[in-house]
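Close look at the chain arrangement
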Amino acid sequence: MKLIICIVQDQDAGALIDDLTEKEFRVTKLSSTGGFLKSGNTTLLIGIDEEEVSSVIKVIEENCKTRELTTSLLTVTMPGDTYIPFPLEVKVGGATVFILDVEKHIKI
């Protein structure tokens, strides 16, 4: 048995959860934040049999694409100066996936 911990952007989470449940994988959704832009993330917990890992990874890859986002960082050079927006291109999206061995699974 394996536990997949998958961290995705909020905007990818809905479609991913729909696809996973459609393929009859059980998913637990946790709200989380983090990353460079402190944007909303969703952490998914997926418990599966070892032979189903590649199927779940395929569904994640189909739903979580990397994209570029332009944002502005505000910088100050000296006290009393105005804020100067500094455009910055950042890659967002995709997924961070951890696959863990499960020592014991009990369903009550």
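Because the structure is predicted, anything quoted here is derived from the model rather than measured.

1. A short note on the pairing of strand S1 (residues 2–9)
A large share of S1 lies buried, amounting to six of its eight residues. The pairing of S1 with strand S6 (residues 95–101) spans seven bridges and is antiparallel. Residue Val8 lies in a different strand from S6, and its bridge partner there is Ala95.

2. Looking at the environment of Gly40
Relative to the assigned elements, Gly40 resides in strand S3 (residues 39–48). The exposure class assigned to Gly40 is partly exposed, which follows from its relative accessible area of 30%. Sequence separation between Gly40 and Gln9 is 31 residues; the distance between their C-alpha atoms is 6.4 Å. Contact partners of Gly40, with chain neighbours within four places excluded, come to Gln9, Asp10, Ser32 and Thr33.

3. Considerations on unusual backbone geometry
Positioned with a positive phi, Glu24 is a non-glycine residue whose angle comes to about 65 degrees. Mapped onto the secondary structure, Glu24 falls in the loop between helix H1 (10–22) and strand S2 (28–34).

4. A closer look at the packing of H1 against helix H2 (residues 53–63)
As a packed pair, H1 and H2 sit with axes 9 Å apart at the nearest point and diverge in direction by 145 degrees. The crossing of H1 and H2 is right-handed. Two secondary-structure elements touch here, H1 through Asp12, Ala15, Leu16, Asp19 and Leu20 and H2 through Val56, Val59, Ile60 and Asn63. Residue classes in the contact of H1 with H2 are distributed as six nonpolar, one polar and two charged.

5. What about the nonpolar core?
Within the largest apolar cluster, 16 residues are counted, with the highest numbers of intra-cluster contacts made by Cys6, Leu16, Leu20, Leu44, Ile46, Ile48 and Val56. Residue assignment for this core shows that the elements contributing at least two residues are S1, H1, S3 and H2. Setting aside chain neighbours within four positions, we find Ile46 in contact with Lys2, Leu3, Ile4, Leu20, Arg26, Val27 and Val56.

6. Considering the pattern of salt bridges
Evaluated as defined, the whole model comprises one salt bridge. Between Asp101 and Lys2 there is a salt bridge, and its shortest N-O distance comes to 2.2 Å. With Asp101 in strand S6 and Lys2 in strand S1, this pair connects stretches of sequence that are 99 residues apart. The class of Lys2 is buried, set by a relative accessible area of 14%.

About the thresholds
- Residues numbered from 1 in each chain as written.
- Predicted model: local features only at pLDDT ≥ 70, side-chain atom pairs only at ≥ 80, totals over all residues.
- Heavy atoms only, no water.
- Buried < 20%, exposed > 50% of the residue type's maximum accessible area, 1.4 Å probe, protein only.
- Helix = DSSP H or I, 4+ residues; strand = E, 2+ residues; numbered from the N terminus.
- Pairing = 2+ DSSP bridges.
- Contact = heavy atoms within 4.5 Å.
- Axes fitted to C-alpha atoms, helices over the stretch in contact; angles between N-to-C directions.
- Left-handed = near helix turned anticlockwise from the far one by under 90°.
- Nonpolar A, V, L, I, M, F, W, Y, C, P; charged D, E, K, R; others polar.
- Core = buried A, V, L, I, M, F, W, Y, C linked by side-chain atoms within 4.5 Å.
- Salt bridge = Lys/Arg side-chain N within 4 Å of Asp/Glu carboxyl O.

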